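# Inside the fold
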Amino acid sequence: MKLILDSEERNIAGSRVKIARLKNNMTQQELAAKLETLAVYIDRASISKIEQRKRIITDIELLALSQVLNVSVSWLLGLDK
């Protein structure tokens, strides 16, 4: 099945991933390394694409990002302020 999106944006959490990463004083490379400890392998370039909303985020990746960045999944999705 082909994925059909009406916009260029591939996720809704990317901008909040960046906010949380910067709030934690973490580089994209450091975030990638911390995700790796949870067996979630996202390289620095892919993190950049996620933050630019150019890459889809899987549910497993979203959960790991929330754990590493110390925020809720709801916050990353923009459901919590």
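Located above this text is the structure these notes cover.
### With respect to the packing of aromatic side chains
- Applying the stated criterion across every chain, the model contains 0 aromatic pairs.
- Directly above the ring of tryptophan 75 sits arginine 16, whose terminal nitrogen or CZ lies 4.7 Å from the centroid.

### Quick word on helix α2 (residues 28-36)
- Residues of α2 that are buried include every one of Gln28, Leu31, Ala32 and Leu35, and no others. Each buried residue of α2 lies within a common arc of 100° when the element is viewed along its axis, so the set occupies one face.
- Where α2 is buried, its residues contact α1 (14-23), α3 (44-51) and α4 (59-69).

### As for the packing of α2 against α3
- Across the interface, α2 lies against α3 with an axial gap of 8 Å and an inter-helix angle of 110°. The pairing of α2 with α3 is recorded here as roughly perpendicular in orientation. Between α2 and α3, the residues in contact are Gln28, Gln29, Leu31, Ala32 and Leu35 and Arg44, Ile47, Ser48 and Glu51, respectively.
- For the contact of α2 with α3, a count of residues per class yields 4 nonpolar, 3 polar and 2 charged.

### Overview of the environment of leucine 38
- Positionally, leucine 38 belongs in the loop between α2 and α3.
- Sequence separation between leucine 38 and glutamine 67 is 29 residues, and the spatial gap between their C-alpha atoms is 9.4 Å.

### Re unusual backbone geometry
- For alanine 39, which is not glycine, the phi dihedral falls at a positive 65°.
- Within the secondary structure, alanine 39 is located in the loop between α2 and α3.
- Residue alanine 39 is classed as exposed on the basis of its relative accessible area of 52%.
- In this structure, asparagine 70 takes a positive phi of about 60° despite not being glycine.
- The residue asparagine 70 is located in the loop between α4 and α5 (73-76) in this model.

Cut-offs and rules
Residues numbered from 1 in each chain as written. Predicted model: local features only at pLDDT ≥ 70, side-chain atom pairs only at ≥ 80, totals over all residues. Heavy atoms only, no water. Phe/Tyr/Trp six-rings, centres within 6.5 Å; stacked < 30°, edge-to-face > 60°. Lys NZ or Arg CZ within 6 Å of the ring centre and 35° of its normal. Buried < 20%, exposed > 50% of the residue type's maximum accessible area, 1.4 Å probe, protein only. Helix = DSSP H or I, 4+ residues; strand = E, 2+ residues; numbered from the N terminus. Arc of directions from axis to C-beta. Contact = heavy atoms within 4.5 Å. Axes fitted to C-alpha atoms, helices over the stretch in contact; angles between N-to-C directions. Parallel < 35°, antiparallel > 145°, perpendicular 65-115°, else oblique. Nonpolar A, V, L, I, M, F, W, Y, C, P; charged D, E, K, R; others polar.

Read these as geometric descriptors, not functional statements.
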